[in-house]
Amino acid sequence: MNAVSTFEKYFLSARQNRWYWLFSVFCRVVLAFAFFAAGMVKIVGERFASGLSELHPMGAYLEALHHTGYYYTFIGIAQVAAAMLLLIPRTAALGALLYFPIIVNIWLLSYAVRFEGSYVTSPLMVLANLYLLVWNYDRLRYLLPLKEFSEMGILQKPAKYNTKFPLLFFAFLFFTVVAAVAFAEFGHEVMPRNSLKDCKTQFADTGQEAIGFRFCECIHVEGQSLDDCLEEFERSK
């Protein structure tokens, strides 16, 4: 039995399980809500995360993006379209495909500028999106560079679901969320945070107050790039 056959065996088993199906519905609804809200902000012409200072690395990016005119509106339309497609069962696979490159871009951007607003949620949204892509494997597999395909076809909703709880899957899910939160909290020595006050708080009672406060002022007062402020912080240690 090759790797594809093994995967399809477990895929068919998962598609018969009510818990996996409920999780797929949960992912669709949550992802759709997130993009619908973010997309509508762009469509009506408001700056996303408007409370974030323009001196913050993410704030500077969002301010520049806000002034790109119809490109900014186009991103909003794409997000809302992906959200609506996800909510309709027949078009959920197409919605997951449209959603994926957008959310991966948001995830990488969040990590690049260490933006707290989506530092935890964006990687989890990427994983939820990947789950939906795998869930729709029967529809999307023909896009994969496989030499041959099984005769599985497009799966229909089973007449009766298996109700066995997939403990290992949800345990893995729980530890993934914990790992994402832990990395956001402890993955970097310094974070720009969302304000000067919050930034300085992370250095309280650390013995690095002076160089830490200088890092925060470099970001939130002087508006220097994250890389330049981090480089100065490392030199001062």
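Look a little higher up for the structure.
Below you will find a few notes about this structure. (Residues numbered from 1 in each chain as written. Predicted model: local features only at pLDDT ≥ 70, side-chain atom pairs only at ≥ 80, totals over all residues. Heavy atoms only, no water.)

Attention now moves to the overall build of the protein. Along its length, the protein carries 12 helices and zero strands. Dimensions along the principal axes, computed over C-alpha positions, put the protein at roughly 65 × 40 × 35 Å. For the protein, the proportion of contacts with a sequence separation of at least 24, taken over those separated by at least 6, is 64%. When the accessible surface of the protein is totalled, it reaches about 13,800 Å², and 66% of it is carbon and sulfur. (Helix = DSSP H or I, 4+ residues; strand = E, 2+ residues; numbered from the N terminus. Contact = heavy atoms within 4.5 Å. Areas by Shrake-Rupley, 256 points an atom, 1.4 Å probe, with all protein chains shown as cover.)

This part is about the state of the cysteines. This model, assessed by the stated rule, comprises two disulfides. Two residues, C199 and C216, share a disulfide whose sulfurs are 2.0 Å apart. Every disulfide takes its handedness from the sign of the S-S torsion; for C199 and C216 that torsion is -85 degrees, giving left-handed. Of this pair, C199 sits in helix 10 (residues 196-201) while C216 sits in helix 11 (residues 209-220), and the two are 17 residues apart along the sequence. Of the two residues, C199 and C216, neither departs from the other in class, the shared state being buried. Between the sulfur of C218 and that of C229 lies a disulfide, 2.1 Å long from S to S. Looking along the S-S bond of the C218-C229 disulfide, the torsion reads about -85 degrees, which is the left-handed sense. Separated by 11 residues along the polypeptide, C218 in helix 11 and C229 in helix 12 (residues 226-236) bring together distant segments of the chain. With respect to class, C218 is no different from C229; both count as buried. Here the protein pairs its bonded cysteines, counted in sequence order, in the arrangement 1-2, 3-4. (Disulfide = S-S within 2.5 Å. Buried < 20%, exposed > 50% of the residue type's maximum accessible area, 1.4 Å probe, protein only.)

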